Amino acid sequence: LPLMLVGGPSGAGKSTILFELVSRDLPVVLLDADTIWSPHFDDPDSNYREFFETWLRIAKNIHQSGRSCVLFGSGAVVPRNIIPCIEARYFSRIHYLALIAEEDALRTRLLSRPAWRHTADEDFLSAQIEFARWLRTGAEAAEHDIRPVDTTHEPATESAGRVADWISEVLQLDHRSPAT
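Report follows, based on the coordinates. The model shown is predicted, which means the values in this text are computed figures rather than measured ones. (Residues numbered from 1 in each chain as written. Predicted model: local features only at pLDDT ≥ 70, side-chain atom pairs only at ≥ 80, totals over all residues. Heavy atoms only, no water.)

## Quick look at the sheet that holds strand β4 (residues 94-100)
With parallel pairing, the five strands of this open sheet are ordered in space as β2-β3-β1-β4-β5. Whereas interior strands pair on both sides, the edge strands pair on one side only; in this sheet they are β2 (28-32) and β5 (146-150). Ignoring strand direction, the axes of neighbouring strands in this sheet form an average angle of 20 degrees. The sheet strands contacting helix α2 (residues 49-63) are β1 (3-7), β2 and β3 (68-72), and the helix crosses β3 at an angle near 155 degrees. (Pairing = 2+ DSSP bridges. Helix = DSSP H or I, 4+ residues; strand = E, 2+ residues; numbered from the N terminus. Axes fitted to C-alpha atoms, helices over the stretch in contact; angles between N-to-C directions. Contact = heavy atoms within 4.5 Å.)

So, in structure tokens, the structure goes:
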């Protein structure tokens, strides 16, 4: 089965859209990568390899039930984080969708979050804005067919609808009927 990865910078709408999709009748399993995050996974030098290997192993096992997974997580749309993983070989294809937003919107969204989320730090803000730029213009994005969805000027329900349409498109491309 195909694996679908939805990512993007903090503030682009990953959690909000995931929440919107949960109420829809989709033939996939929706997963939030943050649910298993812990400090021991924080290894940027390895491109967070252990974290992504763990998620791909979970998705592989869910796929054995006949349902594809859609994993929502920031770095999930960075192919160099996913392709080298041993577990990647168990998917018919890996599809990427990047949620993005204009820089001012990202900054506003991140600054409006509660202080305990620590998203107002200038280094964090700059990193998220740079990640959004990379997703908009990166050669790797074009090479790996990372589908962008800009969430800047539409309600979350519309962005969620575009993500749901993408999920349906991916499942049709794979020519397999997921379990219902």
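## What to know about the pairing of β4
β4 sits mainly inside the fold: seven of its seven residues count as buried. Judged by which residues are buried, β4 turns out to be covered on both faces: Ile 94, Tyr 96, Ala 98 and Ile 100 on one side and His 95, Leu 97 and Leu 99 on the other are all buried. As defined by bridge partners, β1 adjoins β4 across five bridges and the pair is classed as parallel. Directly across from Met 4, in β4, lies its bridge partner His 95. Inspection of the sheet shows β4 paired to β5 by five bridges, in the parallel sense. Each bridged residue has a counterpart across the sheet, and for Leu 99 the counterpart in β5 is Val 149. (Buried < 20%, exposed > 50% of the residue type's maximum accessible area, 1.4 Å probe, protein only.)

## A closer look at the packing of helix α4 (residues 103-111) against helix α5 (residues 122-137)
At a minimum axis distance of 10 Å, the contact between α4 and α5 shows a crossing angle of 145 degrees. For α4 against α5, the interelement crossing comes out right-handed. Only Glu 122, Phe 124, Leu 125, Gln 128, Ile 129, Ala 132 and Arg 133 of α5 make contact with α4, whose side of the interface consists of Glu 103, Leu 106, Arg 107, Leu 110 and Leu 111. (Left-handed = near helix turned anticlockwise from the far one by under 90°.)

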